[in-house]
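So you can see what is in the structure, the chains are spelled out below.
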Amino acid sequence: MYAYDEFDRAFLAERVADFRDQVARRLSGALNEDEFKPLRLMNGVYLQLHAYMLRIAIPYGTLSAHQLRRMAHVARTYDRGYGHFTTRQNIQFNWIKLEELPEAMAALGEVGVHGIQTSGNCIRNVTTDQWAGATPEECDDPRIWAEILRQYSTLHPEFTYLPRKFKIAIAASPHDRAAIKVHDVGLRLHRNAAGELGFEVLVGGGLGRTPFVGKSIRAFLPARELLSYIEAIMRVYNQYGRRDNIYKARIKILVHEIGAEAFAKAVEAEWEAIREGALHLSDEMIAEIRGRFIYPAYETLEDRPAELVEALKDERFATWFANSVHAHKVPGYSIVTISLKPVGAPPGDATADQMDVIADLADAYGFHEVRVGHEQNLCLPNIAQKDLPALWAALDAAGLATPNVNHISDIIACPGLDYCALANARAIPVAQEIAKRFADLDRSRGIGRLHVNISGCINACGHHHVGHIGILGVEKNGQEFYQITLGGRADEQAQLGTLLGPAVPYEQVPGLIEDVVDTYMELRAGPQELFIDTVARLGVEPFKERVYAAH
Amino acid sequence: MASPQQQKLKVHGPVAVTANRLTDGAVVWRTRGDGWSADLADAIIVTTADDAIALLAAAQKRDIDAVGAYVAPVVIEADGSVAPGNLRERIRVAGPTFELPH
Ligand code: HEM
Ligand code: SF4
């Protein structure tokens, strides 16, 4: 966990007080909506179709049990008893009243959580691997570097009014769980041949209206030079990025228009001028931040203890274990994913009671720590293997042990037309119906890893471009239609999906997805060939022929 | 369903002016006497673009009761009652189309 200092707390209390005052002035009419809107957006407050929505950042996806319990309290007291975890390591409350927002924010601020950097044209909260600090794959804890960036970028005067919002993600394992290639800046932390720590720097990735996979502009940046290099990127962007047209203002457009090489050149030139300056990170500064991350007091334990071996005789437990439990860097411990995708429920939603259960379990078994991943699931990063049977029983009783992580029913979906004022079409009910069709666990296990991502409009909050199967809601003559893409992926081999064919109406989507999956099951080279690999090998044509012949 | 605020105002059939209540974001409808109601049955219904523009302009004069006013389609049922005119408006009135977590 990260220990916030007094400055952070005082700062948050001040921000809440400011917002309380702004809300009072808005309610009294002293501020009009045009004046108030940017202020509320800066604090993560949106107006949706039928209510205000509060978006809370969860810096690098790390939450304490205490914080999660407070979120449960806010969901219960100020909302309708649930919250929605998003793909940006945020949580959203969907029904908060403007009048009560300052109270809710104060309650959250007391435990160090807030909506700053969840909105507006600033550097947004930096995201990273939800397994950070726990996975044996990583070369260093990426949260150290996320925190260094957070401190640097929070309210940086020069970077609060960028041409557009700016998103940074960091991965430190060979398998990228942070989707760094579809962020404005992606940082791949690794060691070079000499064993030194550094970043590969990618720029210009992003989804939305004009999706791009990020391009590498530097293979190795010594880690201590991170801030000066980011500053150089921001300066080049600030100088050349387009402010005249919001659709062209993202860094991805600039990189695309001038080319990655020219962009890299401009950054390097800028960097040369500033790299020896104040942003150079000293060993002391890095050690100071590193020291604020408090790691669990792990016990000396053996892998596969007797309790676990015994429990694995239970088929339901064994199924969950195989699906939701992952290797840990410390012997005798595991990382546990908690699926927020029970079949038929809105993806990513958790009730206040479920949040309390998870917080209690984190206290009892998980060193008080919970993580939020970009797949809209939660994670307990430090569970002793001997405690897994008891943990599972408690999760199962709370409806939190669906063993479908990375299966076809583990769908990412944006709020879509059920909540969002920008939507063309619904996303959540589409996800629910697909999940129901694949509810049979043997069937979905047989299909293997398959990511379905759904967005209700071109803004791509549901990451449809990078779903193995992507579904995008469009509008045709006032009706909901959906475009299907195949072959997208968000990991280290990130690529955008290919359009399968003409858009189909709402009712036809689940059947079409079943046809796509049946086609895969027929065409795959064997059970070890994943859906994404079959699409890569054969292209979309064979799928198109089958699917559109049937509809 | 592109955001109605961005659409050119074309009126085919009955429409009403709708917005979100400032205090809590709830969906409200423009009523007689320059007021707002959470009940669509209270809404003023007009059928021409000129009337809709006038109704909208009046609604936008004061943004302290309701925000984001726009013109939304409605349908008049056989029994004379008024219902939202498209899926977006139905969702605004009735909430999400699935069971909320509880
Ligand atoms: C309902 C409230 C929401 C609104 C009004 C909203 C609005 C937007 C808009 C306008 C954009 C595009 C901006 C741009 O590309 O410059 C965007 C992007 C994005 N949103 Fe949302 N969003 C909402 C909810 C969500 C939720 C619930 C999630 C997570 C599940 C999410 C995740 C994202 C992500 C990841 C992007 C970036 C896509 C990219 O890389 O360009 N949003 N959002
Ligand atoms: S993708 Fe579109 S519909 Fe979905 S949440 Fe984002 S803006 Fe709303």
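Counting from 1, residues in each chain are numbered in the order their sequence is written. All chains are assigned letters beginning with A, and all ligands numbers beginning with 1, in the order in which they are written. Only residues with pLDDT of 70 or above have their local features reported here, since the model is predicted, and side-chain atom pairs are shown and tallied only from 80 upward, although totals for entire chains, interfaces and linings are computed over all residues. With hydrogens and water set aside, each side-chain value is computed from the structure's full complement of heavy atoms.

### Re the coordination of the iron atom of ligand 1
- Listed donor atoms are N, O and S within 2.8 Å of the metal (Na, K and Ca: 3.2 Å). As water is not included, a site may look incomplete. Of the protein atoms, Cys461(A) (SG) alone serves as a donor to the iron atom of ligand 1, at 2.2 Å.
- Comment: elements are numbered from the N terminus, with helices defined as DSSP H or I runs of at least four residues and strands as E runs of at least two. Along the chain, Cys461(A) falls in the loop between strand S17 (452–455) and strand S18 (469–476).

### Let's talk about the nonpolar core
Residue and element names in this part refer to chain A.
- Working definition of a nonpolar core: buried Ala, Val, Leu, Ile, Met, Phe, Trp, Tyr and Cys residues. They are joined through side-chain atoms within 4.5 Å. Burial here depends on accessible area, computed with a 1.4 Å probe over protein chains only, as a share of the maximum for the residue type. Under 20% is buried, over 50% is exposed, and the range in between is partly exposed. Within the largest apolar cluster, 61 residues are counted, with the highest numbers of intra-cluster contacts made by Met71, Phe93, Trp320 and Leu388.
- Of the residues forming this core, the biggest block, seven residues, is contributed by helix H3 (residues 65–78).
- Each domain's extent is set by a domain assignment, obtained either automatically or from a database. The residue makeup of this core includes at least three contributed by each of domain 1 (6–109) and domain 3 (306–397).
- Residue contacts follow a heavy-atom distance rule, with two residues in contact if any of their heavy atoms lie within 4.5 Å. The residues touching Phe93, leaving out its near neighbours within four places in the chain, are Tyr52, Met53, Leu54, Ile56, Met71, Val74, Ala75, Asp79, Tyr82, Gly83 and Leu108.
- Residues Trp145, Leu197, Trp271 and Ile289 belong to the second largest nonpolar core, which totals 44 residues.

### Quick word on the site of ligand 2
- Nearness is judged by heavy atoms alone; a residue qualifies as near a molecule or strand once a single heavy atom is within 4 Å of it. Close to ligand 2 lie Cys414(A), Pro415(A), Gly416(A), Cys420(A), Leu422(A), Ala423(A), Gly456(A), Cys457(A), Asn459(A), Ala460(A) and Cys461(A), which account for all nearby residues.
- Each residue receives one of three labels: charged for Asp, Glu, Lys and Arg, nonpolar for Ala, Val, Leu, Ile, Met, Phe, Trp, Tyr, Cys and Pro, and polar for the others, Gly being one of them. Residue classes in the shell around ligand 2 are distributed as eight nonpolar, three polar and no charged.

### Quick notes on the packing of H3(A) against helix H4 (residues 101–109) of chain A
All names here are of chain A.
- Here, axes are lines fitted to C-alpha atoms. For helices the fit covers the stretch in contact, and angles between N-to-C directions go from 0 to 180 degrees. H4 packs onto H3 with a crossing angle of 165° between their chain directions and a minimal axis gap of 9 Å. The orientation of H3 with respect to H4, classified from their angle, is roughly antiparallel. The two elements H3 and H4 meet at a crossing, and its hand is right-handed. Each of Arg70, Met71, His73, Val74 and Tyr78 in H3 lies in contact with H4, whose residues at this interface are Glu103, Ala104, Ala107 and Leu108. Any angle from 65 to 115 degrees is called roughly perpendicular, while one under 35 is roughly parallel, one over 145 is roughly antiparallel, and all others are oblique. Should the near helix be turned anticlockwise from the far one by less than a right angle, the crossing is termed left-handed; should it be turned clockwise, right-handed.

### Some points on the packing of aromatic side chains
All names here are of chain A.
- Side-chain rings of Phe, Tyr and Trp (the six-membered ring for Trp) are treated as a pair once their centres are within 6.5 Å; stacked means planes under 30 degrees apart, edge-to-face means over 60, and tilted covers the remaining angles. In this structure the tally under the stated criterion is 15 aromatic pairs over all chains.
- With a centroid separation of 6.1 Å and an interplanar angle of 50°, the aromatic rings of Tyr482 and Tyr506 are classed as tilted. With Tyr482 in strand S19 (residues 479–486) and Tyr506 in the loop between strand S21 (504–505) and helix H16 (509–523), this pair connects stretches of sequence that are 24 residues apart.
- The buried category is assigned to Tyr482, whose relative accessible area is 0%.
- Arg426 extends its terminal NZ or CZ atom over the ring of Tyr506, reaching a point 4.1 Å from the ring centre. For a Lys NZ or an Arg CZ to count as sitting over a ring, it must be within 6 Å of the ring centre and within 35 degrees of the ring normal.

### Remarks on the side chain of Gln67(A)
- Assignment of secondary structure puts Gln67(A) in helix H3.
- Under the relative-accessibility criterion, Gln67(A) is labelled buried at 7%.

### Here's the deal with the pattern of salt bridges
Residue and element names in this part refer to chain A.
- The term salt bridge refers to a side-chain nitrogen of Lys or Arg lying within 4 Å of a carboxyl oxygen of Asp or Glu. Per the stated rule, a full pass over the model turns up 43 salt bridges over all chains.
- Here Glu137 and Arg177 are joined by a salt bridge, their closest N and O atoms 3.4 Å apart. Highlighted residues: Glu137 in the loop between strand S6 (127–128) and helix H5 (142–153) and Arg177 in the loop between strand S7 (168–171) and strand S8 (185–191), separated in sequence by 40 residues.
- Residue classification places Glu137 among the partly exposed positions, given a relative accessible area of 36%.
- The buried category is assigned to Arg177, whose relative accessible area is 7%.

### Looking at the interface of chain B and chain A
- The interface of chain B with chain A comprises 26 residues on the first partner and 35 residues on the second.
- Computed with a 1.4 Å rolling probe, the buried area is the accessible surface lost when two parts are put together, summed over both parts. Summed over both sides, the interface between chain B and chain A buries roughly 2,500 Å², with carbon and sulfur atoms accounting for 63% of that surface.
- Inspection of the region where chain B meets chain A yields one salt bridge.
- For Asp63(B), the salt bridge goes to Arg26(A), with nearest N and O atoms at 3.5 Å.
- Polar contact criterion, stated in full: a pair of N or O atoms within 3.5 Å, where within protein one must be able to donate a hydrogen and the other to accept it, and residues adjacent in sequence count only if both atoms are side-chain atoms. At the junction of chain B with chain A, the criterion picks out ten residue pairs in polar contact (both at pLDDT 80 or more).

### Section: the sheet that holds S8(A)
All names here are of chain A.
- We treat two strands as partners when DSSP finds at least two bridges between them. An order of S6-S7-S8-S9-S10 is seen for the five strands of this open sheet, with the pairing classed as mixed. The strands lining the two open edges of the sheet, one partner per strand, are S6 and strand S10 (215–222).
- Its contacts with the sheet put helix H6 (residues 226–240) on S8, strand S9 (197–203) and S10, and the angle it makes with S10 is roughly 150°.

### Focus: the environment of Gln67(A)
Residues and elements named next belong to chain A.
- C-alpha of Gln67 to C-alpha of Arg209: the two residues are 142 residues apart in sequence and 35 Å apart in space.
- When near neighbours in sequence (up to four residues on either side) are disregarded, Gln67 contacts Thr62, Val111, Gly112 and Val113.
- Of the polar contacts made by the side chain of Gln67, one reaches the backbone oxygen of Val111; its length is 2.8 Å.

### Let's talk about the sheet that holds strand S12 (residues 333–338) of chain A
All names here are of chain A.
- Ordered in space as S3-S14-S15-S12-S11, the five strands form an open sheet in which the pairing is antiparallel. Each edge of the sheet is formed by a strand with only one pairing partner; in this case those strands are strand S3 (62–64) and strand S11 (325–327). Between one strand axis and the next, the sheet turns by 35° as a mean value, whatever way the strands run.
- Here three bridges tie S11 to S12, and the two strands are oriented antiparallel to one another. Directly across from Val325, in S12, lies its bridge partner Val336.
- Here helix H12 (residues 352–365) sits on the sheet and contacts S12, strand S14 (369–372) and strand S15 (378–384); the angle it forms with S15, its principal contact strand, is near 25°.

### A word on the domain arrangement of chain A
Residue and element names in this part refer to chain A.
- On domain assignment, one finds that chain A holds domain 1 (6–109), domain 2 (134–291), domain 3 (306–397) and domain 4 (412–550).
- For domain 1 versus domain 2, the distance between C-alpha centres works out to 28 Å.
- At the junction of the two partners, domain 1 supplies eight residues and domain 2 supplies eight residues.
- For the pairing of domain 1 and domain 2, the buried interface totals around 670 Å² over both sides, and the portion due to carbon and sulfur atoms is 58%.
- The tally of links between domain 1 and domain 2 comes to zero salt bridges.
- Across the domain 1-domain 2 interface, the total number found is one residue pair in polar contact (both at pLDDT 80 or more).
- Looking at the side of domain 1 that touches domain 2 element by element, the count peaks at three residues for helix H1 (residues 6–28).
- When grouped by side-chain class, the residues that make up the side of domain 1 that touches domain 2 number four nonpolar, one polar and three charged.

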